[in-house]
Amino acid sequence: MFFRFGLLVLLLNGCLWPEISVAQTFSTAFKPFSGTPRNYVVTRASGSVAIDGHLNEGAWQHAAWSEDFTDIEGSRQPAPTYRTRIKLLWDEKYLYIGAVLQEPHVWGTLKNHDAIIFNDNDFEVFIDPDGDTHQYYELEINALNTVMDLFMVKPYRNGGNAMLNWDTKGLLTAVSVNGTLNNPADTDSSWTVEMAIPFSALRFFGDGIPANGSTWRINFSRVEWDTDVVDGKYVKRKKPEHNWVWSQQDIINMHAPERWGYLQFTTAQGTGKVPAFIAPADDAARKQLWEVYYAQQAYHAQNRRFATKAADLKLPAGKYQLEMEGISQQFTASVQVPEMAARIYINQEGKIWSDKK
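Residues numbered from 1 in each chain as written. Predicted model: local features only at pLDDT ≥ 70, side-chain atom pairs only at ≥ 80, totals over all residues. Heavy atoms only, no water.

**A few points about the environment of Val100**
Our working definition: Put simply, DSSP H or I for four residues or longer makes a helix, DSSP E for two residues or longer makes a strand, and each gets a number counted from the N terminus. In this analysis, two residues are considered to be in contact whenever any of their non-hydrogen atoms come within 4.5 Å of each other.
Inspection of the secondary structure puts Val100 in strand S6 (residues 94-102). Along the sequence, Val100 and Val193 sit 93 residues apart, while their C-alpha atoms lie 6.5 Å from each other. Not counting chain neighbours up to four residues away, the residues in contact with Val100 comprise Leu55, Trp65, Arg83, Thr84, Arg85, Ser190, Trp191 and Thr192.

Here's what the structure looks like:
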C-alpha cells in the first residue's frame, strides 16, 4: 500500500515524490503504537516449490498457516468480511510466500508492471530485513498477476520517496483463481498468490541467506474495494477501500515499519519441529526508544523543536537508563543493553540501530 491519504504525488523519472514535508508534519503516523506485533517462525522448505499459484507441494503442506488477517486498525474496526491467511517457507535462494484470499467476486484490471496496483483488489508484502525502519521493500500483486514493487529509503512520514524504478530481480509470482476472473455472473471462492522472492534481490541487505534464528520485520496487507455490477462489469463504489493486514498497524498506514510483525528463520523442517519464537534481545530497548520517538514528535508539533533533555518529555522511567542529546531539529536517544553489551539508538527520522560489533 502506498501512502494514499490525500498527498499529491508526482511521477518523475520512475520515482514517486510526495509533495509534502512529512518530517515536520505531526499525524497519526507519529502516534504511539498500542498493539502487539504478530510473529511467524518460517521453516526451511522440505522439497522443491513450483511457483504456479497452487500450494499443493509437500513442502507447503508442512508449512503452518498464519492467523487470519485483521483490520489495519485492529479491534477498533469490524473484522474483515473475507478470510485471508498466509504461509511461508525459505531455502538457500528464496523466501516463499503463499496467500489465500477468500473472495466471492475475483476481478482485476491493471496489466502493466508498476501500475498503481492497489487501485485493484490486491495483496501486498512489506519487508525490512534489519528492522531499522529504513531501506525497506514493498511488493503488490493483483488477481491478474500484475506486480508493482518499490524500495523506500525511509518512510513517507520522514520525507521518504517511493523508488518505483527499483525491481525485485529474479522475482517469481503466480496467481490461481478458484472461480472465474472478471465474471460477475457467478460466485467465486478465492484467489491464491504464490511468490518466490530472491534474497539476492534485497541487495541493500546483502546477498547472504538468513542465519538460523535471525529475525526480520515483515507485514502483509490486503486491499479490498466494495463494488457494484454495472453493464456486466465490476465498478468500484465511491468509498474508501478496506485495509486488512496480518499484523495490525493501529493506523491506516502501512509505512510505519516499527509496527510490523516479526519473521524468524529456522533451519528446522516440518510443522512438528518448529521452535518457539524468541523475541530479539533488544526488543524491550527498542520499545522504550519508540516511546521517546513518539513523544519527541508530539513535543515538536507543540514547540516547533525537539526536546534536548529527556526530562522535557515527561516519560515514565523505562527499563533502561535513557540518554538523549539534540538540537532544535535533530535528536538522538539511546539506551545501553547489558544483555547484548550494546547501545541501541534512535533519531528524529525513526532510524533505529545498534553499535554491537
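Resuming the write-up.
**Re the sheet that holds strand S19 (residues 330-337)**
Across a sheet, paired strands are connected by hydrogen bonds in the backbone, their directions being either parallel or antiparallel. Put simply, the rule is: Two strands are counted as paired when DSSP detects at least two bridges linking them. Angular values range over 0 to 180 degrees, each being the angle between N-to-C directions of two axes fitted as lines to C-alpha atoms, with helices fitted over their stretch in contact.
Read across the open sheet, the four strands follow the order S18-S19-S20-S21; overall the sheet is antiparallel. Sheet topology places strand S18 (322-327) and strand S21 (352-354) at the edges, where each strand pairs with a single neighbour. In this sheet, neighbouring strand axes are inclined to one another by 20° on average, regardless of whether the strands run parallel or antiparallel. Here S19 runs beside strand S20 (residues 342-347); their pairing, made up of six bridges, is antiparallel. Of the residues in S20, the one forming a bridge with Val335 is Ile344. Sheet strands touched by helix H2 (residues 283-303): S18, S19, S20 and S21. Its angle to S19, the strand with the most contacts, is close to 160°.

**Here we look at the pattern of salt bridges**
Side chains carrying opposite charge are able to pair once their charged atoms draw close together. For the record, the criterion: A pair is scored as a salt bridge if a Lys or Arg side-chain nitrogen falls within 4 Å of a carboxyl oxygen belonging to Asp or Glu.
Within this structure, the stated rule accounts for 14 salt bridges. Put simply, Glu103, Arg222 and Glu224 are held in one network by salt bridges that share partners.

**Notes on the packing of aromatic side chains**
What counts here: Aromatic pairs are defined between Phe, Tyr and Trp rings, using the six-membered ring for Trp, whenever the two ring centres lie within 6.5 Å; interplanar angles under 30 degrees are classed as stacked, those over 60 as edge-to-face, and all others as tilted. Each residue gets one of three labels from its accessible area relative to the maximum for its type: buried under 20%, exposed over 50%, partly exposed in between, using a 1.4 Å probe on protein chains only.
On inspection of all chains with the given rule, the structure shows 20 aromatic pairs. For the pair Tyr94 and Tyr96, a centre-to-centre distance of 5.6 Å together with 50° between the ring planes defines the contact as tilted. Accessibility assignment for this pair places Tyr94 and Tyr96 in one class, buried. Here a set of aromatic residues connected by ring pairs shows up, and it is made of Trp90, Phe199, Trp216 and Phe265.

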